[in-house]
Each structure stands twice: as C-alpha cells, then as structure tokens.
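Single-letter residue listing:
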Amino acid sequence: PTITPSGSTTFCQGGSVTLTSSSASGNQWYLNGNPIGGATNQQFVATASGNYTTIVTSGGCSSSPSAAAVVTVNPIPPTPTITPNGSTTFCQGGSVTLTSSSASGNQWYLNGNPIGGATNQQFVATATGNYTTIVTNGGCSSSPSAAAVVTVNPTPPTPTITPSGSTTFCQGGSVTLTSSSASGNQWYLNGNPIGGATNQQLVATASGNYTTIVTSGGCSSSPSAATVVTVNPIPPTPTITPNGSTTFCQGGSVTLTSSSASGNQWYLNGNPIGGATNQQFIATASGNYTTIVTSGGCSSSPSAATVVTVNPTPPTPTITPSGSTTFCQGGSVTLTSSSVSGNQWYLNGNPINGATNQQFIASATGNYTTIVTSGGCSSSPSAATVVTVNPTPPTPTITPSGSTTFCQGGSVTLTSSSASGNQWYLNGNPINGATNQQFVASATGNYTTIVTSSGCSSSPSAATVVTVNPTPPTPTITPNGPTTFFEGGSVTLTSSSASGNQWYLNGNPIGGATNQQYIANASGSYTVTTTTSGCTSAPSSATVVTVSPVPVSPTIAKAFNPASIPLNGTTTLTFTLANPNSALTLNNVSATDTLPSGLVVATPNNLSGNCTGSIAANAGGNTIGITTLSLAASSSCSFSVAVTGTSVGTKNNITGSVSATYVIGGGSPVTINGGTASASVNVVKADQTISFGALPNKMFGDADFIVSANASSGLAVSLSAVGNCTVTSPSPGTVHIIGAGSCTVTASQSGDGNFNAATNALQSFSIAQASTTTGVVSSINPSDIGQNVVFTATVTPSPNTTPPTGTVQFEDGGINIGAPLNCVVVGNNCQAQFSTATLTTGTHAISAVYSGDANFTGGSGVLSGGQVVTNLPTLQLILEEFSSHPNLAASLDSLLSLRDPFPIQNFATWFFPGSDHNTRVIVYVVSLQLNSGESSSAVVVHLIDSNNQSYDVPAEDVRTEPITGFAQVTFRLPDTLSPGDCAVQVKAHGQVSNSAIIRIAP
C-alpha cells in the first residue's frame, strides 16, 4: 500500500494529520514498526511524531509495509520572560536593553505590533510603550511574554537667552539676561554654576560666557547657546609732549605726541579735529590742543592743554623790470621790488652782497629774485625774473670740400665754421634760402657768410673764389654691321668724337681702348666718353652686342610618383622640358607620350604645372601631348598629369622625341630635335577595407536582426560570431541572440587576384538580461489561523519567449519563510509554491523574491493586500436538544420512509431520485462560513464508524440557515459505513469541530 497524508506531516503540538491508505480495507497501521491497537481503517489520524506505515491483509496474505510517512510534531516553545538591564523609566535619549529568556526565535512587539527586524535575544528600547516577545521554533510560536513597560520622560527644550541691551559695556555697567524658560534655570559663567542664580533673569556685571540649563521632571536640557558679556576698562588720562617750540612763524609746525599709542582723538580749542586719531598730531595753527583716549568703547578724561602760537609771514614780493630782460652784451635792465624795505636780492638763488634796496640794476644773465624779512619772519621768494645777455658771434670762416675749380655740372660744398645762424652771399648779394652751415656752390663767383645768433650778427667771412669749366658733348656709337652673331664673329664700333675717347664694356673701362674705333667680339653693353680740358662727357648710349653659342636640342624627362600604386590607384606622371641654350630661346617645343596598356589618364586628370604651351590629356585616354611651348634660354618647365593603373603589373613608358624651333639674327625659324624620356610604374594588388557600422545593444529575447558589412572592393564579406549569439554568412547576415552577456560579430574578406585581404572589422554589443515581473497569489485569502495556505509565485519574462529559471524566496514582512525554492518551468513562465499552516492572526506582507538567472533579471512581487489570517470562533456542531444521547448530532437524515437521496435545492423533488442512492445528511455548525471564492469542498466531514474505520468526506453543499445563522453542511454517507454509532467532526480552515454522533441503521 501507499500512504497519502491530508496535509503537512510537520505541525505543532495539538495538531494532527490524516493518513489514508491506498487500500480501502485490510489495513493495520504501525508507529515506528509497532502495530497501533484498533488502527485498521483506511484512514488514521496521526497526532504524535514517528514513522507511520500500514500493512494490508487479504485472504490471509499480507503485503509488504508501505513506505513510511514521517510525522514530526514540533513542541510549542515556552512563554518567554523579559529582563531589563536597568530602570525602564529614563529621560529622552536614553535606552534600556530588554533580554528575552529565549536565546533564539524571538520576535519583539511594541504595543502588540511587531517591530521590523527585531528578532535577536536582546532589544534596545528607546520609546515609551509595552514591549513583548513571541518565540517561534520549528514553525511553532509561544504565547506572548508578559509586557515590559518602558516610560521615556521628555527632555526640556534647550533654552535661549535674551539680553536687555548691549552685552559689551564700560566698567561699572551691567546687562540683564533673560532665559526663555520661566522656571528650572541654573545659570553658569564660563561653564561654572553661579550660586543661587536659579531665576529666569540674571544681572551680569562681569566679562565671560553666560549659559543656562533647564531641569524639569528630573531631565535636564542641553545648555543654551552662550551669551558673551564683555566689560571694558576706562583708559588713563593721556599727556602731550611737543617735539620743539610751540611758537613759530606761519608755515611752520610742531609735532604733538600723546602718551597713549592708540585710541586718540585730538581737539583744538575743545573741538574734535576730523581724522586726527594717531598718537602724533602736527599743529600748524594757534590754539589750545588736547587729546582723549578711547579703548573698548570707553574714553579717558581730556589731557592738559598744549598752547601753540603762530606768527604771520610777510607777503611774497613781486619784481617789475624797467624794460626788456633780453639784450646784447654790454646792456642792462633795472629791477624794482614791490616791497619798499626789507629786501634781499638773489641771483640764481645766491644772495647778492649789499643788494638790499628796493631797486637793482641787472647786467648779467640769470634768475633774479628777492625775499622780504619783517618781525623775524621771511616771505617766500618772489617769482624769478629771467635776464638774458646775448654774446656777439665771432667772424666765421669758409672751408671748401675740394677744389673750387671744376667742370660744368660739378660743384663744391662750402662749410661755415658756425653750425647755425649763417646767411650765404655770392658776389656780396645774399643767396635766397641759403642759411645752413653748408652751401653747394655750382656757379663761378666770390662766396661769403655772416652768422647771426640771438639777434646779434658777426662780421662777413673772407671770400672763397669758385671757377666752373665747360663739359664736352656726349658722343654717339655707330656699328659697322649686326650686333648679334654666333661665337667667332665681331662688329666694329665707331665713336662720333675723333679724339679723347675711352671705351667701356658693361660700364667698366676697356684698357688701351682710346681710339675712335673698337672691334667688339664679346657680348655686353658698349659705351664711350670724350675728355677735353680735364672735363669728361657723359657716357654715350649703350650699344648691346650679343654673341650666341651654337644651338643645342631641347631635353625631356619624366617620372612617376609614386612608382608603385595599387590597382585602380593613381600616380602623378610629371614631364620636365628644358632649354639647355644659355642665350637662345626655343619656340614650338612639342612632345607626345602614349601610355602603355594598363595605364590611362585619371578622372579627373589633375593637370597642373608651369608650362605655358597647349597640353592635351583627356581623362580616360592614353595619350598625353604638349605643343606651342616657348622656353627662354637656360629655362625649363614642368607639368603633371594623374594616371590610373587599370591592371596589375610593371608598366614601362617611353615618350616620343621632343622637338623645337629657334631664330638667329632675324632669320627664319630653324627646327631642332631632341631625345626621348622613359619611366616605369608598378601596379600592385589594391588594399580593401570593410565598412561595418556599430551594432546597438540588445536584450535577451529580442527578435533576430540583420547586420550588413561591405568591402570597398565590392567582394562578398564573410560573417562570424563569438559570444552569446550566432550569425549567418555571407553579409548581410541574420543575428540570433542565445543568451545575455555580449557578442562580437567579425566581418572578413580574403581578397583575390586584384585585391589584398582586408583587415577584419569587429563590432561588439552587449546583451542585457531580460526583465521579469513576479506575481504572488494565495490559495485562500483570508484564511483561518492554522489553515494551510499555498502561496504561488509566477515569474513572467519580458519579452515572453523563453522561460526563466532560478529560485524564489518567499518572505513574510521582509523575513525569509522557508528555504529558496526552484522556479519550475510552466509554459513560458516559471512558478514556485510555498505552503504553510503556521501563520499567526493578522495581516502578513507576503512577498516573493526571484533570484534571476544568467538571462533574466531578478525581481520581486507582493501579495496584493497581504495574507489576512483570522481567528474565527471554534467550529461547534449543534447537538439534539431533546435526545437521550448527550452527543447526538442535530441532523436531517433520510426520514426512514423517504426515498433516497433527497435533493439539496428543492424539497419538493424528493420523490424523484437520481442515480446515486447514497443517503445525504445535513448537520448544523456554529461559526462556519465559506470565504469568498471557496467551494463547498473546502469543508470536510470526518467520520469514524462503529468498526473504527475513518472517512474524510468533502461537503456537497454549505450554506447559512437564515433564521439561526447556523451553517447547513450537506454530505453523503459512504457505502461502507458499519451500522451503529458513527462519530462525526467538521473540519474547515484548519479547525476541527467537537465530535458528535449520528446513528447508522442496519
């Protein structure tokens, strides 16, 4: 046989579990291998701990024992006691430690409400109230302990102090300090209590920090903020010491020094002097000077007065001259003072001996002043009168810069011995504007100068005689033929002057070339001069002779840069054309270059350079040419064209021959041919790159998405992935996410005959865990105390594609109940269930915490409204009021003569039975009511017949009788009940009613 328990096989003392054998008959129940007397029914109610088995006997043969049903009956912990570690009455801010008699399993309560997290043996109580504890062990809870009553007296508020006025005053003053508390004060000075100072007010006369503390009900406040009182001393009376005589002339002064180094205020004739607050004061006016010293807001008595006397100073005199104060040497001027007496005259600040009259005759240059003295006091010096005596300049001399005899067009510079003031004269007549120290004389005559300085003039200088001779006319040159020829030729040049010639080449005299003719055979500019009577003419106009070398051919050079390019890459092809002739211009320079197979002119051609000819280089073509180019002697030019490599390999390139024309001496153009130019470029495999854009971060469960990478070569790109995703290849590929974490997708291209392999491009993205929501439901809510409740947590992923795994921890008020449970996959969700019959009365905040897994985030959910556990009144079966049997149940049976079964809903249909003829019975129960949403099968009727066979029969109908309020519980009798007295109990919501009897007829 097998055994099926009716509920949990672990319960608290006083509970039970019904064990049902799979065999309806022949059972013998055992506890720990020992037969239980009379326990032969299909069911057995177990109330004690142990291993329960059953053996079935039929036809004299016994089965093997069933697997044991292990029943554990946990004891209810004893009621704990609470021991405080001190007085349970204290001031606010204090505490008392309460210790439970149980070392573990405690839950502390304040005024009957559980204290969150308070589960230790000790609890530190800081608030007023009744503290209890309940001990839970093995899922069984004790009765609450006797309450420990804690009383917390309030602490008086911190007082404040209000002063009656300023807390800083002079010695002899005071201030009244008032506490905000009308009573309970103790005043302190500098932290020390002031004896007897317990009133609301205190008169403070000494410096220091004043505070007060208020005491009420044995509890003291914090000290008030300190009120600082400062009593300042009165400074001593100062004295004044002058630094010299206190009698002096106007403009003088005396320094008065106070005996106090600071805090002074000076007074003149009893009135304060603004800003005069230093230790010293400079007195410049007559009067009585005193000072008062102030320190800490307290002032001394005034000092004894110091008397200062200031005598007047004569007024500053003025000077009046009799005429101009500037004159030539030998003149004078009379100076007159505005003061009739007391004068002393000064020249350049020095007194003039004996000059004390009102007037003084000045005949020397200088600054003249006078000072007037009266009554021992002297005036300021008068303003200076400046007298200037100018000297007569000396007779100048003239110094010529060279010979005073020269050719027409020449000159001589005459320099006066005087640096300034000159006036030059020619033959006794002044030369207009000639007033500098030097004069350039270019005409024949007698030159003199007179010097004037400060209005005084010198005698004329001695005359300097200048003589100017005539210059010969400028000659001309006549060549006897062309002046341009090749090397080895010459031309005869003839001067227009028959004699006195000197020939020049490029401005330099030609040695010995003094004849009228000169044979020129070198290139250059030829001139000639003529000299007569020591005077040389101006040079003739230049005759230019050009001797050209024998013409040579133009040159052409070419180069590729760079000399190696990738396929479809571009190089610059540069042509340089040069004219090696040092004195010959080449015209119509031309050349043509045909590119080899695999090279074309690039698009665009990027044509550039300094060649001014006509250049042809059509984009996409293979011909480059230049025509109509002119190159000056010894010059060159270059031009560049962009060239693209269209096939791989070394490309050798040779131009055609370069040609040009030249003209000599006005003749016809002559054609001259040059050589060719060659260069090579190597076209190699091209590099390629992969463009692969960044990939967005994803979440586990997101749909597959497309990624695309492209190679610059246009070749197909391969894709691969590592991490928590896969990808199809080639690009574009589809990425499929297989888990949370990260994934890296690699794009690669291995190259071909024209392209090198590309550098791999990698793009990584993170894959976040998918979110979840956790819902919690209860199998029955509200439930009765002791009733088994099953909580189901359902974890739903988002997106809802793959079921999560992990564990679920159920909590009651944030405290774990039971161990973490595996979350079992159910469709695309996962579920965990926790059952308990040990919830206490009240509302329980049931929550479930999902741990999460590698692909899903954890989370939590709560049971909406919490689990309400009621403490309903005990179920009570109603007994027959007039029966002779004290325990006979009040019931409605088959009424013997009525046919079975009687219907439930309609009494009138009793005579029309259905197919089930089992007798229905109604019993009446007090305090039984179905919870909202419950079916009648939530109520079970437990029967034990006269043969001690047990049956648990679910109720068929439960309803409230409208008159009495009793519950009518209807159930069907099993077929196998033995006749006789049958015990009946009603079980619902974890409660079991009293036992009554119904009688089963044969």
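Everything discussed here concerns the structure shown above.
Residues numbered from 1 in each chain as written. Predicted model: local features only at pLDDT ≥ 70, side-chain atom pairs only at ≥ 80, totals over all residues. Heavy atoms only, no water.

Focus on the overall build of the protein chain
From N to C terminus, the protein chain includes zero helices and 107 strands. A compact globule built from 1002 residues would reach a C-alpha radius of gyration of about 30 Å, whereas the protein chain, at 68 Å, exceeds it by more than 25%. Taken along the three principal axes of its C-alpha coordinates, the protein chain extends 190 × 125 × 55 Å. Within the span of the protein chain, comprising 1002 residues, buried residues form 39% of the whole. Taking all contacts inside the protein chain whose residues are at least 6 apart in sequence as the whole, residues at least 24 apart take part in 57%. Within the protein chain, one finds 10 positive and 23 negative side-chain charges whose respective centroids are separated by 11 Å. (Helix = DSSP H or I, 4+ residues; strand = E, 2+ residues; numbered from the N terminus. Rg over C-alpha atoms; globule rule 2.2 N^0.38 Å. Buried < 20%, exposed > 50% of the residue type's maximum accessible area, 1.4 Å probe, protein only. Contact = heavy atoms within 4.5 Å. Lys, Arg positive; Asp, Glu negative; His and termini not counted. Charge placed at Lys NZ, Arg CZ, Asp CG, Glu CD.)

Notes on the nonpolar core
Phe692, Val707, Ala747, Phe765, Phe791, Val808 and Phe810 are the most contacted members of the largest nonpolar core, which has 43 residues in total. The biggest single contributor to this core is strand β88 (residues 789–798), with four residues. Here phenylalanine 791 is in contact with Val777, Ser778, Phe810, Ala832, Gln833, Phe834, Thr836, Leu839, Ile846, Leu863 and Gln867, once residues within four sequence places are set aside. (Core = buried A, V, L, I, M, F, W, Y, C linked by side-chain atoms within 4.5 Å.)

Describing the sheet that holds strand β83 (residues 733–737)
Within the open sheet, the three strands sit side by side as β79-β83-β82. Their pairing is antiparallel. Each edge of the open sheet is held by one strand with a lone partner, namely β79 (705–707) and β82 (725–727). Strand-to-strand twist across the sheet, computed as the mean angle between neighbouring axes with direction ignored, equals 30°. Bridge count between β82 and β83: three bridges; the pairing is antiparallel. (Pairing = 2+ DSSP bridges. Axes fitted to C-alpha atoms, helices over the stretch in contact; angles between N-to-C directions.)

Points about the packing of aromatic side chains
Scanning the entire structure with this criterion turns up 16 aromatic pairs. Residues phenylalanine 360 and tyrosine 368 carry aromatic rings whose centres are separated by 6.0 Å and whose planes lie at 35° to one another, so their mutual orientation is tilted. With relative accessibility at 19%, the residue phenylalanine 360 sits in the buried group. Ring centres of phenylalanine 705 and phenylalanine 765 lie 5.8 Å apart, and the angle between their planes is 75°; this geometry places the pair in the edge-to-face category. In this pair, phenylalanine 705 is assigned in strand β79 and phenylalanine 765 in strand β85 (residues 761–768), connecting sequence segments 60 residues apart. Take phenylalanine 705: its relative accessible area is 11%, and that puts it in the buried class. A relative accessible area of 2% places phenylalanine 765 in the buried class. The ring of phenylalanine 705 has lysine 698 sitting right over it, with the charged end atom 4.4 Å from the ring centre. (Phe/Tyr/Trp six-rings, centres within 6.5 Å; stacked < 30°, edge-to-face > 60°. Lys NZ or Arg CZ within 6 Å of the ring centre and 35° of its normal.)

Focus: empty space enclosed by the protein
Evaluated as defined, the whole model comprises two cavities of 30 Å³ or more. If you add up the space inside the largest cavity, you get close to 50 Å³. Around the largest cavity sit Ile556, Phe575, Ala591, Thr592, Asp593, Ile624, Gly625, Ile626, Phe639 and Thr655, which together line it. Of all elements in the fold, only β67 (586–594) and β71 (623–631) reach the threshold of two or more residues within the lining of the largest cavity. Per-class residue counts for the lining of the largest cavity are six nonpolar, three polar and one charged. (1 Å grid on protein atoms, 1.4 Å probe; cavity = no way out; pocket = protein on both sides within 12 Å on 5 of 7 lines; lining within 4 Å. Points joined across faces, edges and corners; volume = space filled by probe spheres on them. Nonpolar A, V, L, I, M, F, W, Y, C, P; charged D, E, K, R; others polar.)

So, the environment of glycine 402
Its location among the elements puts glycine 402 in the loop between β46 (398–400) and β47 (405–407). Residue class for glycine 402 comes out partly exposed when judged on its relative accessible area of 37%.

Considering the state of the cysteines
Taken as a whole and judged by the stated rule, the model has nine disulfides. In this model cysteine 407 forms its disulfide with cysteine 535; the gap between the sulfur atoms is 1.8 Å. Since a negative S-S torsion denotes a left-handed disulfide, the cysteine 407-cysteine 535 link at about -95° is left-handed. One end of the pair, cysteine 407, is in strand β47; the other, cysteine 535, is in strand β62 (residues 535–536), with 128 residues separating them in the sequence. A residue is classified by how much of its surface remains accessible, and cysteine 535, at 1% relative accessible area, is buried. Through a disulfide, cysteine 611 is tied to cysteine 637; the S-S separation comes to 2.0 Å. (Disulfide = S-S within 2.5 Å.)

Some words on the sheet that holds strand β39 (residues 333–337)
On the basis of which strands lie adjacent, the open sheet formed by three strands has the order β37-β39-β42 and antiparallel pairing. Of all the strands in the sheet, the pair left with one neighbour each is β37 (319–321) and β42 (359–362). Taken over all neighbouring pairs, the strand axes of this sheet differ in orientation by 25° on average, direction set aside. In this sheet, β42 lies alongside β39 in antiparallel orientation, the contact comprising four bridges. Looking at the pairing, valine 333 lines up with alanine 362 of β42.

Some remarks on the side chain of aspartate 593
Looking at where aspartate 593 falls in the secondary structure, it is placed in strand β67. The class for aspartate 593 is buried, based on a relative accessible area of 1%. Polar contacts involving the side chain of aspartate 593 include one to the side chain of lysine 558, which spans 2.6 Å. Separated by 2.9 Å, the side chains of aspartate 593 and asparagine 653 make a polar contact. (Polar contact = N/O pair within 3.5 Å; in protein donor to acceptor, adjacent residues only side chain to side chain.)

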